[in-house]
Amino acid sequence: MVLRCRNFDLGLESVVVMGVLNVTPDSFSDGGLWLEPDSAVRHGVAMVAEGAAIIDIGGESTRPGAAPITETEELRRVLPVVEALSGRVSVPISIDTRRPRVAGAALDAGASLINDTSGEATDPDMAAVIASTGAGVVVMHSRGTPETMRDLTRYSDVVNDVTSFLVRRAGDLEKKGVGHQSIAVDPGFGFAKTAEQNLELLARFDEVSGLGYPVVAGTSRKSFIGKVLDAEASDRLEGTIATVVWAVGKGARIVRVHDVLPTVRAVRMTEAIQRASSSGARL
């Protein structure tokens with residue numbers, strides 16, 4: 001399986017770990033840590049050294065309740081980091097954004113992949129940016145905006161509704177010239193979903209991974225883990241690892257996390273068990 005990005009064909013024979021790099025003051029678990037471009041670049045380089053195969057840079061917090069920022073401010077935050085980091089690492093850079101102009105500018109600065117977090121509110125111009133640049137795209141499910149998503153959690157069946165959106169959105173992109181191999185999908189853990197709905201999405205994750213596109217699992221430090229474990233965002237590593245291992249076992253090909261090294265180790269161990277199970281080999 002391959003995810004085709006601008007300037008990269010990312011092989012997904014092994015599960016890929018995507019490192020989170022938020023250059024924001026208000027992200028839910030790492031806001032304010034990497035505001036200075038130099039420190040953000042150093043952190044990105046360190047995550048690659050730990051095994052991250054993609055670095056996902058975001059300049060606007062999309063946590064529930066977050067206030068929007070201007071496009072100008074988002075560009076100011078992300079472009080210096082994208083440009084500098086793309087010259088320091090050999091892995092694809094992803095831009096985490098809802099705005100087509102930010103996506104296009106980040107691609108010009110060295111990014112290869114768009115992590116489109118707009119969900120059902122996708123800007124129609126985003127498809128043109130993806131198709132015209134040859135960028136890869138992660139299509140994520142969400143509803144409303146960060147300010148309103150907590151009030152938009154009513155579904156007839158959360159898994160069916162989410163997968164229906166992902167198939168429809170991916171199909172629309174293909175009709176507009178985006179290659180099938182350039183599309184990955186993400187059910188959007190924590191975006192317009194209750195804790196119980198997030199757990200149901202995990203329990204039935206094989207229904208998402210059966211859609212015919214590589215699937216991204218972005219559970220890292222999310223509030224539903226905190227609710228289950230009664231743990232603050234900084235103390236959710238074990239819960240994150242458990243969700244990652246479960247998702248990988250049900251077909252996730254990319255896992256998006258803050259804690260790269262322990263996740264890489266957990267993923268590689270999971271894959272070793274899978275190989276032994278499928279071949280009957282003994283370690």
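Residues numbered from 1 in each chain as written. Predicted model: local features only at pLDDT ≥ 70, side-chain atom pairs only at ≥ 80, totals over all residues. Heavy atoms only, no water.

A.B. asks: Sorry if this is basic, but what is going on with a nonpolar patch on the surface here?
C.D. replies: Residues Leu199, Val228 and Leu229 make up a contiguous nonpolar surface patch of roughly 260 Å² in combined accessible area. Note on placement: leucine 199 falls in helix 6 (residues 195-203). (Patch = residues over 30% accessible without salt bridge, like charges linked within 9 Å, V, L, I, M, F, W, Y side chains within 5 Å. Areas by Shrake-Rupley, 256 points an atom, 1.4 Å probe, with all protein chains shown as cover. Salt bridge = Lys/Arg side-chain N within 4 Å of Asp/Glu carboxyl O. Helix = DSSP H or I, 4+ residues; strand = E, 2+ residues; numbered from the N terminus.)

A.B. asks: Looking at this structure, I do not really get helix 2 (residues 71-86). What am I missing?
C.D. replies: Residues lying three or four places apart along an α-helix face the same way, a consequence of the helix completing one turn every 3.6 residues. Its 16 residues place the ends of helix 2 21 Å apart at the C-alpha level, agreeing with the 22 Å of an ideal helix rising 1.5 Å per residue. A maximum bend of about 30° is found in helix 2 at valine 78, where proline proline 80 lies one to four positions downstream. For helix 2, the full list of buried residues reads Glu73, Glu74, Leu75, Arg77, Val78, Val81, Val82 and Leu85. In this fold, the buried residues of helix 2 make contact with strand 3 (16-22), helix 1 (37-49), strand 4 (54-58), strand 5 (93-97) and helix 3 (100-109). (Expected span 1.5 Å × (residues − 1). Bend = angle between axes of the 7 residues up to and from the residue. Buried < 20%, exposed > 50% of the residue type's maximum accessible area, 1.4 Å probe, protein only. Contact = heavy atoms within 4.5 Å.)

A.B. asks: Please clarify how the packing of helix 2 against helix 3 should be interpreted in this entry.
C.D. replies: In helix packing, the relevant descriptors are the interaxial angle and the interaxial distance, both defined with respect to the helix axes. The geometry of helix 2 relative to helix 3 is characterised by a closest axis approach of 9 Å and an angle of 20° between their N-to-C directions. Considering the angle they form, helix 2 stands roughly parallel to helix 3. In this structure, helix 2 crosses over helix 3, and the sense of that crossing is right-handed. Counting all contacts with helix 2, which are made through Glu71, Glu74, Leu75, Val78, Leu79, Val82, Glu83 and Ser86, the residues of helix 3 involved are Arg101, Val102, Ala105, Ala106 and Ala109. (Axes fitted to C-alpha atoms, helices over the stretch in contact; angles between N-to-C directions. Parallel < 35°, antiparallel > 145°, perpendicular 65-115°, else oblique. Left-handed = near helix turned anticlockwise from the far one by under 90°.)

A.B. asks: What should I look at first to understand the packing of helix 5 (residues 158-175) against helix 6 in this one?
C.D. replies: At a closest axis distance of 9 Å, the pairing of helix 5 and helix 6 adopts a crossing angle of 70°. Our classification of the angle between helix 5 and helix 6 gives roughly perpendicular. Along its contact with helix 5, which presents Val158, Val159 and Val162, the element helix 6 presents Gln197, Glu200 and Leu201. Here the residues of the contact of helix 5 with helix 6 sort into four nonpolar, one polar and one charged. (Nonpolar A, V, L, I, M, F, W, Y, C, P; charged D, E, K, R; others polar.)

A.B. asks: Would you take a moment to explain the pairing of strand 2 (residues 8-11) for this structure?
C.D. replies: In the case of a regular strand, side chains alternate between the two sheet surfaces. Relative to strand 2, strand 1 (residues 2-5) is paired through four bridges, and the arrangement is antiparallel. Its bridge partner lying in strand 2, cysteine 5 is registered against phenylalanine 8. Here strand 1 folds back onto strand 2 in antiparallel fashion, the turn holding two residues, of which asparagine 7 has a positive phi close to 70°. (Pairing = 2+ DSSP bridges.)

A.B. asks: How do you make sense of the packing of aromatic side chains when you look at a structure like this?
C.D. replies: The relation between two aromatic rings is expressed through the spacing of the ring centres and the mutual angle of the planes. Taken as a whole and assessed by the stated rule, the structure comprises two aromatic pairs. Ring geometry for phenylalanine 189 against phenylalanine 205: centres 6.2 Å apart, planes inclined by 10°, an arrangement best described as stacked. Taken together, the positions of phenylalanine 189 in the loop between strand 8 (183-186) and helix 6 and phenylalanine 205 in helix 7 (residues 205-209) put the pair 16 residues apart, joining distant regions of the chain. The burial state of phenylalanine 189 is the same as that of phenylalanine 205; both residues are buried. (Phe/Tyr/Trp six-rings, centres within 6.5 Å; stacked < 30°, edge-to-face > 60°.)

A.B. asks: In this structure, what is going on with the environment of glycine 226? I would like to understand it.
C.D. replies: Looking at where glycine 226 falls in the secondary structure, it is placed in helix 8 (residues 223-229). A relative accessible area of 8% means that glycine 226 is categorised as buried. Taking the C-alpha atoms as reference, glycine 226 lies 13 Å from isoleucine 241; in sequence the two are 15 residues apart. Sequence-distant contacts of glycine 226, that is, excluding residues within four places in its chain, are made with Ala231 and Arg236.

A.B. asks: I'm lost on the sheet that holds strand 8 in this one. Help?
C.D. replies: Paired through their backbone hydrogen bonds, the strands of a sheet run either parallel or antiparallel. The eight strands are arranged 8-7-6-5-4-3-10-9 in an open sheet whose pairing can be described as parallel. Because the sheet does not close on itself, it has two edges, and the strands there are strand 8 and strand 9 (216-217). Across the face of the sheet, helix 5 comes into contact with strand 6 (113-116), strand 7 (136-140) and strand 8 while running at roughly 150° to strand 7. Helix-sheet contacts for helix 10 (residues 260-279) involve strand 3 and strand 10 (254-257), and the interaxial angle to strand 3 is about 165°.

Geometric values such as these leave the question of function open.
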